[in-house]
Amino acid sequence: MRASLAQDGCAVLKGFLTPLGVRAIAAEADGVAGRGHRSFNRTNPYFTTDDPSLPADHPRRRFFERSNCFIAADNFAKHGPLRIVHDSSGFDRFIQACLQEPDGRFFRYADPLADVIVNMATEGNGFPWHFDTNNFTVTLAIQNAQEGGAFEYAPNIRSDSENFEEVSRVLEDRSDRVTVLHLEPGDLQLFKGRYSLHRVAPLRGATPRYVAIFSYVEQPDMVGSPERTRQLYGRVLPVHLERAGLRGDRLID
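A short tour of the structure in this document, coming up. (Residues numbered from 1 in each chain as written. Predicted model: local features only at pLDDT ≥ 70, side-chain atom pairs only at ≥ 80, totals over all residues. Heavy atoms only, no water.)

This structure, assessed with the given rule, holds one cavity of 30 Å³ or more. Taken as a whole, the largest cavity spans an internal volume of roughly 510 Å³. If you go around the largest cavity, you meet 31 residues; those closest to its centre are Phe70, His130, Asp132, Thr137 and Ile213. Mapped onto the lining of the largest cavity, the elements with two or more residues apiece are strand 3 (64–71), strand 5 (116–121), strand 6 (127–130), strand 7 (136–143), strand 11 (188–191), strand 12 (197–200), strand 14 (209–217) and helix 6 (226–233). For the lining of the largest cavity, the class distribution of residues is 13 nonpolar, 13 polar and five charged. (1 Å grid on protein atoms, 1.4 Å probe; cavity = no way out; pocket = protein on both sides within 12 Å on 5 of 7 lines; lining within 4 Å. Points joined across faces, edges and corners; volume = space filled by probe spheres on them. Helix = DSSP H or I, 4+ residues; strand = E, 2+ residues; numbered from the N terminus. Nonpolar A, V, L, I, M, F, W, Y, C, P; charged D, E, K, R; others polar.)

Spelled out as structure tokens, the structure:
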């Protein structure tokens, strides 16, 4: 896992969850799927609003259709199967050991809507190219669609700089840095999505795709921005307004 993360910021542990665990979380997701926030809009890779002061072909002005559904963290019971995995003894330490992060730079995402969620996608849905707000994302594949839904990423596009030139190449299908990854139910993926541009390809068939997402960051008490939280979950809580703009880096989102 460490070697894969060092190479391109992405690592997969096949069969991390047992088939019984996969079925239990899939059933839990089915039970709360109706509470997911479905959105159909246009977003750029940074989830920011348009900036007319920039050139028309600038990545911040490149908007794509987004159709997806996120089931927020507060829909999952404290002692339900998803939270049991998240809160299992040793789980956080295992993730931290894989990422080789010191104690002072590894924290659970403090966002009460987004620390552990399920992304649900149905036929035609996909998630266009974007960067993550949180530094580290841990995903657990729960259920695949009948077709499509591959995870595609361009590793380490940005770190201290935005690297708009390479972002533009990815958006225009001119980049040779894109990797296509096919995950199976039960696979655990660690991904440094704040630095790697990535997307989920559109799906086909009647079966929804479920992916559980566990999020970790480098600073305590970090939550999503109000703008992005509204886009993803359809609502914000007081904590999002109180902590807006308190990130430690200077990246756009």
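The structure having been displayed, the exposition proceeds.
This part covers the nonpolar core. Counting 32 residues, the largest nonpolar core has Ile95, Leu140 and Phe214 as its most contacted members. Elements that contribute at least two residues to this core include exactly helix 2 (19–32), strand 3, helix 3 (81–86), helix 4 (91–99), strand 5, strand 7, strand 11 and strand 14. Considering every element that reaches this core, the biggest residue donor is helix 2, with five residues. Ranked by size, the runner-up nonpolar core spans 23 residues in total, among them Leu113, Ile117, Phe127 and Tyr153. (Core = buried A, V, L, I, M, F, W, Y, C linked by side-chain atoms within 4.5 Å. Buried < 20%, exposed > 50% of the residue type's maximum accessible area, 1.4 Å probe, protein only.)

Here we take up helix 5 (residues 164–171). Among all positions in helix 5, only Glu166, Val167, Ser168, Val170 and Leu171 are buried. Just beyond helix 5, the residue with positive phi is aspartate 173, at close to 55°.

All chains considered together, the criterion is met by 17 salt bridges. A salt bridge links arginine 105 to glutamate 218; its shortest N-O distance comes to 2.7 Å. Linking arginine 105 in the loop between helix 4 and strand 4 (107–108) with glutamate 218 in the loop between strand 14 and helix 6, this pair joins segments that are 113 residues apart in sequence. Relative accessible area serves as the criterion here: at 39%, arginine 105 is assigned to the partly exposed category. (Salt bridge = Lys/Arg side-chain N within 4 Å of Asp/Glu carboxyl O.)

With that settled, consider the environment of threonine 18. Looking at the secondary structure, you find threonine 18 in the loop between strand 1 (10–13) and helix 2. C-alpha of threonine 18 to C-alpha of proline 185: the two residues are 167 residues apart in sequence and 9.2 Å apart in space.

Sheet architecture is open: four strands sit in the order 6-12-9-10, paired in antiparallel fashion. The outermost strands of the open sheet, each flanked by one partner alone, are strand 6 and strand 10 (179–181). Taken over all neighbouring pairs, the strand axes of this sheet differ in orientation by 15° on average, direction set aside. Bridging between strand 9 (residues 151–154) and strand 10 involves three bridges; their strand directions are antiparallel. (Pairing = 2+ DSSP bridges. Axes fitted to C-alpha atoms, helices over the stretch in contact; angles between N-to-C directions.)

Attention now moves to the environment of tyrosine 216. Its place among the elements puts tyrosine 216 in strand 14. For tyrosine 216, a relative accessible area of 0% translates into the label buried. In this structure, the C-alpha to C-alpha distance between tyrosine 216 and lysine 192, residues 24 residues apart in sequence, is 9.9 Å. Of the polar contacts made by the side chain of tyrosine 216, one reaches the side chain of aspartate 92; its length is 2.7 Å. (Polar contact = N/O pair within 3.5 Å; in protein donor to acceptor, adjacent residues only side chain to side chain.)

Let us now look at helix 6. Most of helix 6 is tucked away: six of the eight residues are buried. For helix 6, every residue scored as buried is listed here: Pro226, Arg228, Thr229, Gln231, Leu232 and Tyr233. At the C-terminal side of helix 6, glycine 234 shows a positive phi close to 75°.

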